[in-house]
Every structure is written in C-alpha cells, then in structure tokens.
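# What the coordinates show
This is what each chain is made of:
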Amino acid sequence: DAKTTQPPSMDCAEGRAANLPCNHSTISGNEYVYWYRQIHSQGPQYIIHGLKNNETNEMASLIITEDRKSSTLILPHATLRDTAVYYCIVRVATGDYKLSFGAGTTVTVRA
Amino acid sequence: AAGVIQSPRHLIKEKRETATLKCYPIPRHDTVYWYQQGPGQDPQFLISFYEKMQSDKGSIPDRFSAQQFSDYHSELNMSSLELGDSALYFCASSPRTASGNTIYFGEGSWLTVV
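Residues numbered from 1 in each chain as written. Chains lettered and ligands numbered in written order. Predicted model: local features only at pLDDT ≥ 70, side-chain atom pairs only at ≥ 80, totals over all residues. Heavy atoms only, no water.

A count of helices and strands for chain B gives zero helices and 11 strands. Helices and strands in chain B line up, N terminus first, as β-β-β-β-β-β-β-β-β-β-β. Here the C-alpha atoms of chain B give a radius of gyration of 14 Å, agreeing with the 13 Å that 2.2 N^0.38 yields for 114 residues. By its C-alpha atoms, chain B is 45 × 25 × 25 Å across when sized along the principal axes. In chain B, the proportion of contacts linking residues at least 24 apart, taken out of those at least 6 apart, comes to 52%. In chain B, the 10 positive side-chain charges and the 12 negative ones have mean positions that sit 3 Å from each other. (Helix = DSSP H or I, 4+ residues; strand = E, 2+ residues; numbered from the N terminus. Rg over C-alpha atoms; globule rule 2.2 N^0.38 Å. Contact = heavy atoms within 4.5 Å. Lys, Arg positive; Asp, Glu negative; His and termini not counted. Charge placed at Lys NZ, Arg CZ, Asp CG, Glu CD.)

Set out below in structure tokens:
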C-alpha cells in the first residue's frame, strides 16, 4: 500500500469548515483514497472514499488533486462530536485488500 | 443498518490464559479482518479471511490463531496471554465486489490481561 502523510493535529472552531490535508505522492493508478475517523476508543468509522473525482456524501467532501498526489477532506460544519483522529488511507478498492493505518490527524473541535 | 458485531465487549484474563473473541460480519459480507490497537497506538492489521480461507497476514503473534466459519463469522483465539496483549481488538468486514468494497468496523473488544 502507498504511504500517506498527514499533519499530526489541528484545531477547528465549531460551526466552521475543517479542511484536512493528506499527501499520497506514491499512490498507484488502481488505489483509492479512503478516509476513516476514530472517536476515542470506538471502532474506526468510514467517512468517504474516491479515485480521482471529487466526492461528497452526508458526512464530508473529498477533494483529490488532478495528479492524485494529495487530497483534502472537508467537514463542512464541524461540531464537537467531530473531534476524533482522522486517517487518510490509500487502498485498492477491489478484492480483500486490508486498510493500513498510519499516523492520522487528531482534530479537536472547539466551542 | 446491521453492523459488525463483536463479543465479548470486555474481557479480563490472567497471564498465560486463553481468550477467544468472536466477530459477526455485516450480512452478505464475506471478508473479515482483525486489528489490534494498543494504548495510544493506531490500529494494526493482524489477519484477514475471505470465504473461510486466510487471505492476508500481518503482525499476528504465533500464539494467536483465527478462523472464519461457514456462516462467515470469525473467531480470534489468543493463547499464553501476556500483559502486552492488553488492547482493543477490532473486527471489520467487507463485501468482495467488483465495484468497491468498503470496510466497516465493529466497536471492538477490550482485552485486559492481568
């Protein structure tokens, strides 16, 4: 699996958008970008994934650069419940390929 | 929607004892993954199964074994427990489809070895 690089931590004001960057310069053509988050001691929660087009769902938006070497997860209106560790992971999206967790970004949403 | 079910949620064992964790995947998911997360660490992949066969193996100790049964549930067996085995153990599942197979996690089983 390709490696990703994320900032270790970031703060965000409640109600504002949170933009979480991720670098994945060695991503392969068949690898997707996945985002998960883990609220303290809970199971990792799937957020969103994409290949090359921007994606949006009820939780977040994913912006992938044209060269696919980096991406940004956007939480449009952060709430206190969004405080968590966010993981950016690249993975082949077919078959039974595992997720390999690296060091994510600890996001703290402040009132 | 149905989620990944893990049991027990909490388990306390003594050193050198044996523990078994169970995982029931989301219906129609045929792939199961096991992860271990120690205190202050990120989840580490242990092992995975597809259609009852081991499909990938990570940093799983030789004292640990796992299997997937005909109903797709999986069990992680841990023997000769050590203090360092105290961790949160996650099971996850995914469908094996050509159009993408998002992995979903259970809430985990806390193992404390004393």
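Bringing the sheet that holds strand β2 (residues 18-23) of chain A into the picture now. Residue and element names in this part refer to chain A. Strands sit in the order β2-β7-β6-β5 across an open sheet of four strands; the sheet is antiparallel. Looking at which strands have only one partner, the edges of the open sheet turn out to be β2 and β5 (55-56). Pairing analysis gives four bridges linking strand β6 (residues 61-64) to strand β7 (residues 70-75), with the strands arranged antiparallel. Pairing of I64 across the sheet is with S71, part of β7. (Pairing = 2+ DSSP bridges.)

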